[in-house]
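Examining the three-dimensional arrangement
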Amino acid sequence: QVQLVQSGGGLVQAGGSLRLSCAASGRTFSIHRMGWFRQAPGKEREFVAQILWSSGSTYYADSEKGRFTISRDNAKTTVFLQMNSLKPEDTAVYYCAADFRTLWPGVMPNDYAYWGQGTQVTVSS
């Protein structure tokens, strides 16, 4: 089992930045990849970015390329999502996720077995 605890998020003006964190505990040595998803009201959960736990290789949704950066700490226990140049359409609940399966890229929610509690990001215009 893996437990994921998120922090960060909040309210920011358009053009601003936020950093989300997700701390993993439990069987972290078995994690293959971690990702970030978001879900706006009335919409499906959508992929944002993911990172391969062993190598640090990353993969982004096209709409986030150049604005968002996913990273992890060297201890491989925490994943971050740095969000710059935020837009009102980035407003959503953001979730981190982890999985053990050797699937790459994994861009669907079903590609992840473990989920954080979610954190609200609101971007005002």
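Data block above holds the structure.
Right, let's walk through the structure included here.

Procedures and definitions
Note on numbering: residues in each chain are counted from 1, in written sequence order. At least 70 in pLDDT is required for a residue's local features to be given in this predicted model, at least 80 for side-chain atom pairs to be given and counted, and no such filter applies to totals for whole chains, interfaces and linings, which use all residues. Values shown for side chains rest on all heavy atoms present in the structure; no hydrogens or waters enter the calculation. We call a pair of cysteine sulfur atoms a disulfide when they lie within 2.5 Å. For the purposes of this entry, the term helix denotes a DSSP run of H or I that reaches at least four residues, the term strand denotes a run of E that reaches at least two, and both are numbered from the N terminus. Here's how the labels work: a residue is buried when its accessible area is under 20% of the maximum for its type, exposed when over 50%, partly exposed in between, all with a 1.4 Å probe on protein chains only. Two aromatic rings, drawn from Phe, Tyr or Trp (for Trp, its six-membered ring), form a pair once their centres lie within 6.5 Å of each other, and the interplanar angle then sorts them: stacked below 30 degrees, edge-to-face above 60, tilted otherwise. Any Lys NZ or Arg CZ that is within 6 Å of a ring centre and within 35 degrees of that ring's normal is treated as a charge sitting over the ring.

1. Some details on the state of the cysteines
The tally for this structure, following the rule as stated, stands at one disulfide. Through a disulfide, Cys 22 is tied to Cys 96; the S-S separation comes to 2.0 Å. Linking Cys 22 and Cys 96, the disulfide has an S-S dihedral of approximately 55 degrees and is accordingly described as right-handed. Remark: Cys 96 occurs in strand β9 (residues 92-99) and Cys 22 occurs in strand β3 (residues 18-26); sequence separation between them is 74 residues. By relative accessible area, Cys 22 is classed as buried at 0%.

2. Overview of the packing of aromatic side chains
Geometrically, a pair of aromatic rings is defined through the distance of the ring centres and the angle of the planes. Taken as a whole, this structure holds eight aromatic pairs when the rule is applied. For the ring pair Phe 37 and Tyr 112, a centre distance of 5.3 Å and an interplane angle of 75 degrees mean the geometry is edge-to-face. Residue Phe 37 is located in strand β4 (residues 33-39), and its partner Tyr 112 is located in the loop between β9 and β10 (114-115); the two are separated by 75 residues in the primary sequence. Per residue, the accessibility class of Phe 37 equals that of Tyr 112, and both read buried. Here the aromatic residues Phe 37, Phe 47, Tyr 59, Tyr 95, Trp 104, Tyr 112 and Trp 115 are joined through ring pairs into a cluster of three or more. For Arg 45, the ring lying beneath its charged end belongs to Tyr 95, and the centroid distance is 3.7 Å. Across from the ring centre of Trp 115, 4.8 Å away, lies the NZ or CZ of Arg 45, which sits over that ring.

Any link to function would need more than the numbers given here.
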